[in-house]
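Architecture and fold: a report
The lines below spell out each chain.
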Amino acid sequence: MFNNKELFKSAFKEQLVSRLGKDIEEATAGDIYKILGTLIREFIGREWAETNRSYMDQQEKQVYYFSMEFLIGRLLGNNLLNLGMLRTVREGLADLGWNLEEIEEQEPDAGLGNGGLGRLAACFLDSLASLGYAGHGCGIRYRFGLFEQKIIDGHQVELPDDWLQKSNVWEERRADKRVEVRFWGQVEVAEKDGKTQFNTVNYEKVWAVPYDVPVIGYGDSQVNTLRLWSAESAMDPARMGLEVQNSYYKFLEYNRSVESISEFLYPDDSGYEGKILRLKQQYFLCSAGLQSVLRTFDKLELPYSELPNKVAIHINDTHPTLVIPELMRILVDDKGLGWDEAWDITTQTVSYTNHTLLSEALEKWPVNMVRELLPRVYMIIEEINKRFCGMLLDRFPDGQDLVSKVAIVESDQVKMAHLAIVGSYSVNGVAELHTELLKTNVMKPFYDLFPDRFNNKTNGITHRRWLIHANPELSNVISETIGTWWMKRPHQLLGLETFKEDSALREKIMKIKRSNKLRLAEFIRQKQGVMVDPDSIFDVQVKRLHAYKRQLMNILHVMYLYNDIKDHPSVDRVPRTFIFAAKAAPGYYLAKSIIKLINVVANTVNKDPQVNSKLKVLFLENYSVSLAEKIIPAADVSEQISTAGKEASGTGNMKFMMNGALTIGTLDGANVEMHQMLGDDNMFLFGLTSEEVLNYYKNGEYIAKDVYQKDPRIKRVMDQLVSPGPFCCHEREFNLIYQSILEHNDEFFVLKDFDSYANTHDTIDQVYLNTPEWATKTIVNIAHAGHFSSDCTINRYAANIWDIRPVRPSLHV
Ligand code: 26V
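Below you will find a few notes about this structure.

Right, let's get into unusual backbone geometry. The phi torsion at Asp 153 lies on the positive side, around 55°, for a residue other than glycine. Topologically, Asp 153 is positioned in the loop between strand 5 (148-152) and strand 6 (155-159). On the accessibility criterion, Asp 153 (63% relative accessible area) is exposed. Phi angles above zero are rare outside glycine, and Asn 202 is one such case at about 55°.

Here you go:
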């Protein structure tokens, strides 16, 4: 049906009538989307069931990727691509008078993640399925995803992301697979047959109901599962005793508290409020996910000692760390294993990825909270801690200092990263520099204790979504040049290097970039009414808003350019369009005032006739996966400018590179590896190195005020933040920003790196004027981007961490 246009059209029309009672003439775009999605979902049903059956029959080892976030975005286009149906469907719909891209726009983004960590999980699922691995996702079906951002009067305003308002065509509710999750209660200890038994009483029971989303691999591969859990009431109103006073209100209260568990995704640094709810979410995911994993394993009728040979549980950052004590609880309390055996099994089953070095982002939970919410789990954490510290003191009798550094429970807090490291067999960082810094700094005592446990797995992105789907014209030109094999073997993009000076290819590539820029310009015109020049440099910084990512440095530099143009109006310049998009956590005031500043600068710059033919600034609201797919193919310059040592990896950097943008960046995260491949000629590096940054922190020799005093460009823009002028001011609007730099001594070295950043931008202008040279650099970037395909990353996880092989080896790279 899907590879014959006529068959597709008739099946489609028939479905439209039978499901919606509508003819094609009456159908809305929403109807078309719904019918198309349903058709595909039903079409892959058999393959999905067969995949699961074959995993069981072959007793495949299966990987479960536990993550609090899966930022999957829209699925229609990607599913069609992976199924090889894009062309038939596009042409069939066109015959029926519809444009596929317009239909794709009907799908709400599944925004079940904050940023890179959640998007990485989604890219990994795509690679696992496409490479033929038995690997699934395990997450939460948040009723509301990350908030929808509106910009009102330059300020970020948060609205609920009601992504499930219309039915979700991809998911399958599996009520029969629900499991029970327990909170609160007291632990009773009893002796039975010479064994101590732990029994939790007076607990609150909640149902975890799975919603399964098929993860369709590219080409002739299998269909894996993303299982998302939803919390439902486990109280039966029919059996509520009327003898209990106020029982009806208790019921309502209980229902409300259950629903809140899977109600919304936390913005990453939302502060302390609602912390217990976040802990509840984490345990809910771990307990429900583990029960379903073990139920599948139990069907094999193997002893638990076989678990590590049949199951790998991977935890995406520390958020699902409770799988460790929860697995111990199940093995010891429910299955009756001894502690040591259970511990061996657990630590051979769980592996952990660390995604940040920032100490404020390392999770810690107050002991009281964990003990009250999860009394038995807390006892197990204490026991793990006791045994671990005991082992250390046996090995290092004078090791009190060491113990206080590495203990899991310390100063009335449970340190999740410590628990994750102690309770797993593999700990990986997400870029070479990040892993080095983990080993030598943040987690050094653990590295000294368990050197073999630490390894690096540099992040990757799926080239299917980020190149083939997001930039079809570029993909076509690549295929015309080197054939189509790169789609299955992204490393083969390297073949493009041979053509880096081929003038025909250079021209084609620049033409495609221009047409992508035109498309984005039209989008901007429609959304904001601002006209942007497609021949200006599109300079883009899109990512979460965090001080360490230094959107502030970028906008201060724009302010400086504005001043410079006003001072020297007759000087010729390469026109630039600076594009920003970013969400700030709702309680992160500094980040929110940086958003406001960008909008104020945009307003001033874009309105000023003396400036706006040379400089434009745009802040695009509500950054999301689908917006990224529009912006990234149109970028000339990619801003990856975090303070060195702070960005664990970055994945946006890879997406831009794959789409032929040139990077201005620091030697941070995966930029370092990009630079190793590209060399100085094909990337614009600037700023302090991570070593220099660390030294400044140690010796305290960086004084932001000195830089402010010495550099008149900097002094001027800083003063413009707090005094009346083109960018200010309403009641010292930008005081917070000003203080963070001058009073708190510029923690992220914005002023220190400013000069080098500005100079590098001047270099970019010069290089851009030489179009053939720019085109060559673009080609070299695309050629090396295959290295950052998540297919390569997943192959390394599979071989070095999970010890799994593809079920269909022909697809293995
Ligand atoms: C969380 C917080 C919370 C408290 C305030 C500061 C702060 C800063 C960062 C974070 C994020 C923690 C985890 C995370 O999302 N890491 C990101 O993971 C990506 C995938 O590995 C990686 O590319 C990004 O560099 C990394 O920031």
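This next bit is on the packing of aromatic side chains. Each aromatic ring pair is summarised here by two numbers: the centre-to-centre distance and the angle between the ring planes. Applying the stated criterion across every chain, the model contains 20 aromatic pairs. Here Phe 264 and Tyr 266 contribute two aromatic rings whose centre-to-centre distance is 5.2 Å and whose plane-to-plane angle is 35°, an arrangement assigned as tilted. Members of the aromatic cluster, each reached through a chain of ring pairs, are Tyr 65, Phe 124, Tyr 797 and Trp 802. Across the ring face of Phe 147, the terminal group of Lys 583 is positioned such that the distance to the ring centre comes to 5.4 Å.

The next subject is the nonpolar core. Formed by 195 residues in total, the largest nonpolar core has its most connected members in Phe 12, Leu 36, Leu 93, Phe 284 and Trp 802. In terms of residue count, helix 9 (residues 275-298) provides more of this core than any other element does, 10 residues in total. Listed in part, the 73 residues of the second largest apolar core include Val 574, Leu 590, Val 693 and Phe 727.

Let us now look at the environment of Leu 627. Structurally, Leu 627 is set in helix 24 (residues 625-631). Residues Leu 627 and Asp 109 lie 518 residues apart in sequence; the distance between their C-alpha atoms is 9.7 Å. Those residues in contact with Leu 627, other than ones at most four positions away along the chain, are Phe 523, Leu 620, Glu 621 and Asn 622.

One pass over the full model with this rule turns up 53 salt bridges. With its nearest N and O atoms 2.9 Å apart, the salt bridge here joins Arg 550 to Asp 753. Here Asp 753 lies in helix 31 (residues 750-769) and Arg 550 lies in the loop between strand 20 (537-542) and helix 22 (551-567), a separation of 203 residues in the sequence. A residue is classified by how much of its surface remains accessible, and Arg 550, at 0% relative accessible area, is buried. By sharing partners, the salt bridges in this structure join Lys 5, Glu 6, Lys 9 and Asp 95 into a single network.

Let's shift gears to the site of the ligand. The immediate surroundings of the ligand are formed by 20 residues, with His 355, Asn 459, Glu 647, Ser 649 and Gly 650 found nearest. Measuring from an oxygen atom of the ligand, one finds a backbone N or O atom of Ser 649 at 3.0 Å. A distance of 2.8 Å is found between an oxygen atom of the ligand and a backbone nitrogen or oxygen belonging to Gly 650. For the ligand, whose unbound accessible area comes to 600 Å², protein coverage reaches 87%. Its residues assigned to classes, the shell around the ligand comprises seven nonpolar, eight polar and five charged.

If you trace the six strands from one edge of the open sheet to the other, you get 22-21-20-23-24-25, paired in parallel fashion. Of all strands in the sheet, those bounded by a partner on one side alone are strand 22 (615-619) and strand 25 (684-685). Two elements, strand 21 (residues 576-581) and strand 22, share five bridges in a ladder whose sense is parallel. Paired with Phe 578 across the bridge in strand 22 is Val 617. Lying on the sheet, helix 32 (residues 771-785) is in contact with strand 23 (637-640), strand 24 (662-665) and strand 25; it crosses strand 24 at an angle near 85°.

Along the chain, the position of Ile 594 falls in helix 23 (residues 589-607). The exposure class of Ile 594 is buried, given its relative accessible area of 3%. Expressed as a C-alpha distance, the spacing of Ile 594 and Thr 318, which sit 276 residues apart in the sequence, is 29 Å. Other than its neighbours up to four places away in sequence, Ile 594 contacts Leu 545, Gln 551, Leu 552 and Ile 737.

A full pass over the atoms with the stated rule returns zero disulfides. Cys 138 takes part in no disulfide bond, and the closest cysteine sulfur, belonging to Cys 286, lies 8.2 Å away. Relative accessible area serves as the criterion here: at 0%, Cys 286 is assigned to the buried category.

In this section: the sheet that holds strand 16 (residues 409-410). One open sheet holds the three strands; their spatial order is 15-17-16, and the pairing between them is antiparallel. Two strands close off the open sheet at either side, each with one partner strand: strand 15 (364-366) and strand 16. Strand direction decides the pairing type here: strand 16 and strand 17 (residues 413-415), joined by two bridges, are antiparallel. Residue pairing in the sheet places Val 409 in a bridge with Val 414 of strand 17.

The subject of this paragraph is the packing of helix 11 (residues 323-334) against helix 14 (residues 375-395). Contact pair helix 11 / helix 14: the axes reach a minimum separation of 9 Å and the direction vectors enclose 100°. With respect to helix 14, the element helix 11 is oriented roughly perpendicular. Facing Ile 324, Pro 325, Glu 326, Met 328, Arg 329 and Asp 333 of helix 11, the residues of helix 14 in contact are Arg 376, Val 377, Ile 380, Ile 381 and Ile 384.

Strand 22 sits mainly inside the fold: five of its five residues count as buried. Judged by which residues are buried, strand 22 turns out to be covered on both faces: Leu 615, Val 617 and Phe 619 on one side and Lys 616 and Leu 618 on the other are all buried. Taking the sense of rotation as the criterion, the β-α-β connection linking strand 21, helix 23 and strand 22 turns out right-handed.

Thresholds, definitions, all that
- Residues numbered from 1 in each chain as written.
- Predicted model: local features only at pLDDT ≥ 70, side-chain atom pairs only at ≥ 80, totals over all residues.
- Heavy atoms only, no water.
- Helix = DSSP H or I, 4+ residues; strand = E, 2+ residues; numbered from the N terminus.
- Buried < 20%, exposed > 50% of the residue type's maximum accessible area, 1.4 Å probe, protein only.
- Phe/Tyr/Trp six-rings, centres within 6.5 Å; stacked < 30°, edge-to-face > 60°.
- Lys NZ or Arg CZ within 6 Å of the ring centre and 35° of its normal.
- Core = buried A, V, L, I, M, F, W, Y, C linked by side-chain atoms within 4.5 Å.
- Contact = heavy atoms within 4.5 Å.
- Salt bridge = Lys/Arg side-chain N within 4 Å of Asp/Glu carboxyl O.
- Near = heavy atom within 4 Å.
- Polar contact = N/O pair within 3.5 Å; in protein donor to acceptor, adjacent residues only side chain to side chain.
- Areas by Shrake-Rupley, 256 points an atom, 1.4 Å probe, with all protein chains shown as cover.
- Nonpolar A, V, L, I, M, F, W, Y, C, P; charged D, E, K, R; others polar.
- Pairing = 2+ DSSP bridges.
- Axes fitted to C-alpha atoms, helices over the stretch in contact; angles between N-to-C directions.
- Disulfide = S-S within 2.5 Å.
- Parallel < 35°, antiparallel > 145°, perpendicular 65-115°, else oblique.
- Right-handed = clockwise from strand over helix to strand, strands pointing away.

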